[in-house]
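Coordinate analysis (summary)
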Amino acid sequence: RLKCLIRKLESGMHRLSTKYEKCRSAKVLIESKLDKSSREVQYLYEKANVREQTLKQGEMKILEKDREIRLLELKMSDAHRTVDVLEKRLTIGVNLDKRM
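Just so you know, the residues in each chain are numbered from 1, in the order the chain's sequence is written. In view of the model being predicted, local features appear only for residues whose pLDDT reaches at least 70, and side-chain atom pairs are presented and counted only at 80 or more, with totals across whole chains, interfaces and linings using the full set of residues. Excluded from the side-chain calculation are hydrogens and water; included are all heavy atoms of the structure.

This part takes up the overall build of the protein chain. Per the convention used, a helix needs a DSSP run of H or I reaching at least four residues, while a strand needs a run of E reaching at least two, with both numbered from the N terminus. Looking only at helices and strands, the protein chain features one helix and zero strands. In summary, the protein chain has a C-alpha radius of gyration of 43 Å against a globular reference of 13 Å for 100 residues, an excess of more than 25%. The principal-axis extent of the C-alpha atoms belonging to the protein chain is close to 145 × 10 × 10 Å. Exposure classes here rest on a 1.4 Å probe applied to the protein chains alone. A residue is buried below 20% of its type maximum, exposed above 50%, and partly exposed in between. Counting every position in the protein chain, which comprises 100 residues, the buried fraction comes to 1%. We get accessible surface area from the Shrake-Rupley algorithm with a probe of 1.4 Å; when it comes to residues, only the shown protein chains can shield them. Counting only carbon and sulfur atoms, one obtains 62% of the accessible surface of the protein chain, whose full area is about 10200 Å². Charge centroids of the protein chain, computed over 25 positive and 16 negative side chains, lie 15 Å from each other. Radius of gyration here uses only the C-alpha atoms, and the compact-globule reference equals 2.2 Å multiplied by the residue count raised to the power 0.38. For the purpose of charge, His is not counted, nor are the chain termini; Lys and Arg are scored as positive and Asp and Glu as negative. For the purpose of locating charges, the reference atoms are NZ of Lys, CZ of Arg, CG of Asp and CD of Glu.

Looking now at a nonpolar patch on the surface. Within this analysis, patches are made of residues with over 30% relative accessible area and no salt bridge. Like charges are joined at 9 Å or less; nonpolar side chains (Val, Leu, Ile, Met, Phe, Trp, Tyr) at 5 Å or less. Salt bridges are identified by distance alone: a Lys or Arg side-chain nitrogen within 4 Å of an Asp or Glu carboxyl oxygen. Judged by side-chain polarity, Leu2, Leu5, Ile6 and Leu9 come together as a nonpolar surface patch covering roughly 400 Å² of accessible area. Within the secondary structure, Leu9 sits in helix α1 (residues 2-99).

Our focus in this paragraph is the pattern of salt bridges. Overall, the coordinates contain six salt bridges when judged by the stated rule. Among the salt bridges present, the one from Glu31 reaches Lys27, with a minimum N-O distance of 3.2 Å. With Glu31 and Lys27 both in helix α1, this residue pair falls four residues apart, about one helical turn. Across the pair Arg39 and Asp35 runs a salt bridge whose closest N-O atoms are separated by 3.1 Å. Taken together, the residues Arg39 and Asp35, both in helix α1 and four residues apart, mark about one turn of the helix.

Position of Lys3 relative to the elements: it lies in helix α1. Between the alpha carbons of Lys3 and Arg51 there is a distance of 71 Å; along the sequence they are 48 residues apart.

Any link to function would need more than the numbers given here.
Laid out in structure tokens, this is it:
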């Protein structure tokens, strides 16, 4: 009777040992997958940060170019006004010369 109990206990221990090893193997596999996923997420965050930084730099360049365009448009407008004034003066001067 004692031998029967010992065999049952040993059988139970063997089943538990096998189950433990399966669980341990599954844990190692899950940890490996989790580590891989973690590295992938870190890579994606780094990539996203680089893209965000590039986007911000591009937006700043666009704003800078917009300011340059506005400044050049103002200068061009001022140059047109100057030309108009000079043309009017020249026309007035020519008309005065014709009268004399």
